Amino acid sequence: GVLNLIVAVIVDTFAENREKDVFQKAKDLEVEEVEQKKVLTRIFNKIDEDRSGSISFPELKRAASKLAEFRHWLRVMDIDEQDL
């Protein structure tokens, strides 16, 4: 009786904590996504040299060789200059 009640409370507490943890992880991922989009927008604005609102292939190639931030993102995606 009492032991079952204690076990039930412990299991319930762990379940609540796990649910909170999953919610927090999802929230953290959303925040990270927003921040990454801001960074990528800034990078793409640097790449768009003629301010046309579009990135041409020559602009992309130049950025891949000259813009360290962009090279980092390409490296994360396992893309190097030869792949472009």
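Note: the structure precedes this text.
Residues numbered from 1 in each chain as written. Predicted model: local features only at pLDDT ≥ 70, side-chain atom pairs only at ≥ 80, totals over all residues. Heavy atoms only, no water.

Enquirer: What is the right way to look at the overall build of the protein in this model?
Expert: For the protein, the helix and strand inventory stands at 3 helices and 0 strands. Put simply, the protein runs from its N terminus to its C terminus through helices and strands in the order α-α-α. What you see for the protein is a C-alpha radius of gyration of 23 Å, clearly larger than the 12 Å of a compact globule of 84 residues, by over 25%. Taking all 84 residues of the protein together, the buried fraction comes to 12%. A total accessible area of about 7,000 Å² is found for the protein, and carbon and sulfur atoms account for 59% of it. Charged side chains of the protein number 14 positive and 18 negative; the gap between the two group centres comes to 5 Å. (Helix = DSSP H or I, 4+ residues; strand = E, 2+ residues; numbered from the N terminus. Rg over C-alpha atoms; globule rule 2.2 N^0.38 Å. Buried < 20%, exposed > 50% of the residue type's maximum accessible area, 1.4 Å probe, protein only. Areas by Shrake-Rupley, 256 points an atom, 1.4 Å probe, with all protein chains shown as cover. Lys, Arg positive; Asp, Glu negative; His and termini not counted. Charge placed at Lys NZ, Arg CZ, Asp CG, Glu CD.)

Enquirer: Got a minute to help me understand the side chain of D48 in this structure?
Expert: Its location among the elements puts D48 in the loop between α1 (2–47) and α2 (57–66). For the buried D48, which has no salt bridge, the nearest side chain bearing the opposite charge is R51, at an N-O separation of 5.2 Å. Here G53 takes part through its backbone nitrogen, which lies 2.8 Å from a polar atom of the side chain of D48. When neighbours within four sequence positions are excluded, D48 is seen to be in contact with G53, S54, I55 and E59. (Salt bridge = Lys/Arg side-chain N within 4 Å of Asp/Glu carboxyl O. Polar contact = N/O pair within 3.5 Å; in protein donor to acceptor, adjacent residues only side chain to side chain. Contact = heavy atoms within 4.5 Å.)

Enquirer: So what exactly am I meant to see when it comes to the packing of α2 against helix α3 (residues 68–76) here?
Expert: Two numbers describe how α2 lies on α3: the axes approach to 6 Å, and their chain directions differ by 95°. As judged from the angle between their axes, α2 and α3 are roughly perpendicular. Residues L60, A63, A64, S65 and K66 of α2 form the contact with α3, whose own contacting residues are A68, F70, R71 and L74. Looking at the contact of α2 with α3, its residues break down into 6 nonpolar, 1 polar and 2 charged. (Axes fitted to C-alpha atoms, helices over the stretch in contact; angles between N-to-C directions. Parallel < 35°, antiparallel > 145°, perpendicular 65-115°, else oblique. Nonpolar A, V, L, I, M, F, W, Y, C, P; charged D, E, K, R; others polar.)

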